[in-house]
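Structural features, examined
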Amino acid sequence: MFRERFSYAPFVWPFVIGLIFFLCFFVAAIVRVFKELPQSDKIKFGKSLFTKQTLVSIKEIFMECLLHRRIFQRDPLLGFMHMSIAFGWFMIIVLGHIEVKLYCPNHLNLPYFPIFFRYFVKQTDSTLGGAIFFFLMDFFLLMVLIGIGIAIYKRINSRIVGMRRTTRLKIYDWLALYSLWSIFPLRLLAESFTSSISGGSFLTRGFGLLFDSFVSNSVHVVPTWWAYSTALGVFFIAMPFSRYMHILTEPFLILLRNAGIRTVRHGQGYALTETFACSRCGICLDPCQMVLPGRMDKKATVYFISNLRYNHMETAREMAEMCMQCGRCVAACPVGIDSCRLKLSVKTDNQMGQGDTYLQYLNPASDALPAEIQPVVRQMPEKPDVVYFAGCMSHLTPAIPRAMQTLFKAAGIRYRYLDENGSVCCGRPLMLAGQEEAARQLIAKNTELIVKSGAQTLVTSCPICYRVFTEEYKLPIRVVHHTVFIRDLIAAGKLSTEPVQERVTYHDPCDLGRGSGIYEAPREILKDMAVLQRAYEEKDQALCCGGSLGSNLMPYETRRKIAADAFNRLTFRNPDVLVTACPLCKKTFQDVADRPVLDIAQYVATHLRAQKADAAPVEETPYRAAV
Amino acid sequence: MVNFGFTINKSTRIDYDQASKDVSRYVIAHEPSALLCIGCGCCTATCSAGQFTPFNLRRIQLQVHRGELARLEQETEKCMLCGKCQMVCPRGVNTRHLVMTIHKAMTLYNRGELKDL
Amino acid sequence: MDTSSQRHVVVIGAGIAGMEASAQLQGLGYAVTLLEEQPQTGGNLLTWDRLFPFKRPASEVLGELRSRLGGIHVLTSRRILNIEKLNAQFILTVNDGTVLTADAVLVATGFKPFDAYRKEEYGYGIYDNVFTSVDIERMFREERRILTRSGEVPRRVGFIHCVGSRDEKAGNRYCSKVCCVTAVKQASELKEMYPDCEVFCFYMDLRMFDRHYEQMYLDAQTRYGVTFVRGRLSEAAETIDKRIAIKVEDTLVGKPMKMTVDMLVLMVGMEGRTTQLYNSPTLGLSVGKDRFLNAVDEYTDNNLSRTEGVFLAGTCTGPKHIPEVLADAGAAALRIHRYLCQKA
């Protein structure tokens, strides 16, 4: 049986003030974000509501914001820490409200009432229903307390939760952090001191009896409730300025993202939501190769977003320009923030020129392309099956286009080598440098050249080109990277390889793997040819070679350090050769390598099984260790 | 009328005493690897834009340091930033950013906004 | 000579430095063992045909150096498996089971030519008609003729200076010293052989540093008609008829240039050897970032390693040409002599 003792006490004020402040801020922020969304995104969002997608989003919110599934996958203890705080707290709130609804159904339910329920309502824990409630409330309180315990220990030794580094905090973060740490121990104290009056379960009752033996509980009841309320109030006031804003922003971000909305401009709409959704957990620190071995600790994504949020634009811009855009932080981010896109949106602020001046020579009016690279005037086989675009970088790794030509011939494919004498750049390097306007010019020109060639399939050797061809070009023909093309030729029996007694490790290029999702094709080829040794960091965890065009600022020395470190980590199982599928990765690794670094096309071409007599003779493409 | 950036009265030799060093100073401050260049011409030889235009990074960056600034802003707008030059540079000059920095410096200079650092 | 108290010096590497130092040490009265990994003495000198500046046959120089080795214990095709130090003496275990005891050790392991495969954009090992300066020297020596892969007399040849030298990307910041003059020598020899062949040297800076080298350069221009173009090769491609299309900038004209040559010759530089020996804790060698060995003092103690009783000579401490190596080897022998006298 219960009896309502009070319905108001002065100590509720700190909490109430904090809550009102926070809610006002949050509502204003949501309104702002919506206002800033482009019209098309608003429509997208509207359409996504109350569909199947909504259920998916709700499930994702439950799995990520409360249970923190992605963090669990990374490190169980770190996942448990986040889960116990988030889910435990969530359950305390939910159960608190159910309690109020059950026991005081007619009460005017002011927001503070469930929070200080134990003070206001004398309840009994002797009935079964009461006992279960008290038990559950204590259980989840214990869960949160354990989580807080781990969090405090993590600050001292982050390695326990699998993190080498943890983030440096801002003043508001410290305020919020300390208040968050104190909220639940204070709640425990307050409820324990009140337990002889209002009841309790194993935790609160136990502590109540324990305290009773050496302090006079009744004296401490009101001060501890004051302290509890104050901690909550401070937390709510600090929250909008601290990283804890992520708690409520993340569900909102999930809704927007699942509606297909993406960053357009930094500081606005979706990008703003992303900046606030960053919990600064620091999980992106360890994957970042600028941090180690680059020794640029402060350049990691977490600090970039933090600078963006606090509007330190110059610093943020410099960080965006330094970043190699490898996407390892995006792959690791438990919130799913596309920081690469955020960084690009910051970079595009510095447009070098508009289309009418920049790259003027590409304007359709000024036909400056020399005859030798015009595909129509060159002598080519009639009706090509494929058009081959090696890419600028492949001209610096001639073994790759040469191997591709060997393979085309061996498979009996009629091809046109579109950029044999050089061509217009694909445009992705310009995009990565933030020069989107100019990139559009190149895209238009290249599209024209490719369409003119008349082929139905475009094969490229460069993942950088491949990514921009598939993402930005609207080509009416099939675009395929040579890894997939070769895999398909082998599967169709047009190429066959001989077994090689070698141990091989495959390196996933950023733009091919994380960028385009091609992980399996090269592995299928290599598995059938040689002993494929897994790299410790592979697929979406794969390392950046350091040659990336994503960075504008990175000095060569740092690039070389990153390359050497990545090469060492890739070859720790001591493979005979390192195989990759990107001319830039190949070139970068070759400069630091102690063993052959080969493109997959080269590897296949070197180990082709002798073909039928009528097939074109296969040229030898030898490779040798660079020792 | 094409503006060649000089008048008939001016001498065509580099007047180093009169030449502005502001752009050079700005470029070196913002891309220190500009100091590494030995003028081997590798960047220009491999240049993708160089197939279509007389874009010549080696000459442009030398002109910056000699204060020969006429038309440099437009010159840098020919670059496709493809990065081949960066790959072949024997000194490890950060060529892509060098082009961007020269462009930025020249824009500021032409607007009269390039003050002391 | 009193052999019972005779001190023993082991010289590692029978190149020019090793041979010369051994001869000098023997002249000073020491017992010398000269160890060589290869089946014969001579080191990199074996790969040369004629030597700059006077085109003297390398075999003559080699013969002269070898003739001074009388009385020296020369062990070829030997690798050192282990080196220990007992009191002041070094104990070396060789791969044929021999154990040598030495009062001093001279490291004269020399250099290795840059591996041209590492500059993939130049197409060595990919295109038929790309060669290294070492290949050309071998052709001069063994075939007495320079021909393309398909056996034709070349009508145009390009020599590329600084391949693997002065190149951050190859990890070699230093100048290899001798490639410029070698290119001038080989280009002149080629013109001498085929006066109608066009020969080009593509250089970044021409470093004609020694006494007679400028004369060679002058002769190359005027007597032989070699053309010098200031520009570094960025990339090469193979044409359908197996010729090599190269891209350079003629930096003095200020324009990019395309040229098709029948043969491309890469002037490979010197690289420090990173052999097992370099890791021996007994020798305690200090290997620089450039993989050459560091002496205690580059000004005053050029031949001294950081370990007592271990000395350095020749190109293991940096690129040198033959007169420098000979001087260095002699100096090293004297330093060893001084060391052993002080110990006696």
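Keep in mind that what you see is a predicted model, and the values were worked out from it rather than measured.

Observations concerning the sheet that holds strand E10 (residues 597-599) of chain A
By way of backbone hydrogen bonds, the strands of a sheet pair with one another, either parallel or antiparallel. Residue and element names in this part refer to chain A. Here we have four strands laid out as an open sheet, ordered E8-E7-E9-E10, and parallel in their pairing. With partners counted over all chains shown, the strands left at the sheet margins are strand E8 (531-533) and E10, one partner each. The average angle at which neighbouring strand axes cross in this sheet is 40°, direction not considered. Across three bridges, the pairing between strand E7 (residues 503-506) and E8 is parallel. Counted as the bridge partner of Thr-505 is Gln-533 from E8.

Some details on the state of the cysteines
Using the criterion set out here, one finds zero disulfides over all chains in the structure. A disulfide-free cysteine, A:Cys340 has its sulfur positioned 5.4 Å from the sulfur of A:Cys329, the nearest such atom. Of the cysteine sulfurs around B:Cys85, a residue in no disulfide, the closest is that of B:Cys82, at 6.2 Å.

Concerning the confidence of the model for chain C
Low-pLDDT stretches of the model should not have their predicted coordinates read in fine detail. On average, residues of chain C score 95 in pLDDT, and 99% of them reach the 70 mark or higher. We note a pTM of 0.91 for the whole complex and an ipTM of 0.92 for its interfaces.

Digging into the interface of chain A and chain B
With 36 residues of chain A in contact, the opposing surface of chain B contributes 26 residues. Taking both partners together, chain A and chain B bury about 2400 Å²; carbon and sulfur atoms supply 63% of that area. If you sort the residues of chain A by the area they bury against chain B, A:Met352, A:Tyr361 and A:Leu396 come out on top, with a joint share of 26%. Counting the contacts that link chain A with chain B gives seven residue pairs in polar contact (both at pLDDT 80 or more). Taken together, the elements giving at least two residues each to the side of chain A that touches chain B come down to helix H19 (428-432), helix H24 (556-570) and helix H25 (583-590) of chain A. A per-element tally of the side of chain A that touches chain B places H25(A) first, with three residues. Residue composition of the side of chain A that touches chain B, grouped by class: 22 nonpolar, 11 polar and three charged.

Some remarks on the pairing of strand E5 (residues 457-460) of chain A
Residue and element names in this part refer to chain A. Of the two faces of E5, the one lined by Thr-457 and Val-459 and the one lined by Leu-458 and Thr-460 are each fully buried. One ladder, built from four bridges, connects strand E3 (residues 386-389) with E5; its direction is parallel. Residue pairing across strands places Val-386 opposite Thr-457, the latter belonging to E5. Where E5 meets strand E6 (residues 478-481), four bridges bridge the pair, whose relative direction is parallel. Within the sheet, the bridge partner assigned to Leu-458 lies in E6 and is Val-479. Regarding topology, helix H21 (residues 463-471) serves as the crossover connection from E5 to the parallel E6, and that connection is right-handed.

Parameters at a glance
Residues numbered from 1 in each chain as written. Chains lettered and ligands numbered in written order. Predicted model: local features only at pLDDT ≥ 70, side-chain atom pairs only at ≥ 80, totals over all residues. Heavy atoms only, no water. Pairing = 2+ DSSP bridges. Helix = DSSP H or I, 4+ residues; strand = E, 2+ residues; numbered from the N terminus. Axes fitted to C-alpha atoms, helices over the stretch in contact; angles between N-to-C directions. Disulfide = S-S within 2.5 Å. pLDDT = per-residue confidence, 0-100. Contact = heavy atoms within 4.5 Å. Buried area = accessible area lost by both parts, 1.4 Å probe. Polar contact = N/O pair within 3.5 Å; in protein donor to acceptor, adjacent residues only side chain to side chain. Nonpolar A, V, L, I, M, F, W, Y, C, P; charged D, E, K, R; others polar. Buried < 20%, exposed > 50% of the residue type's maximum accessible area, 1.4 Å probe, protein only. Right-handed = clockwise from strand over helix to strand, strands pointing away.

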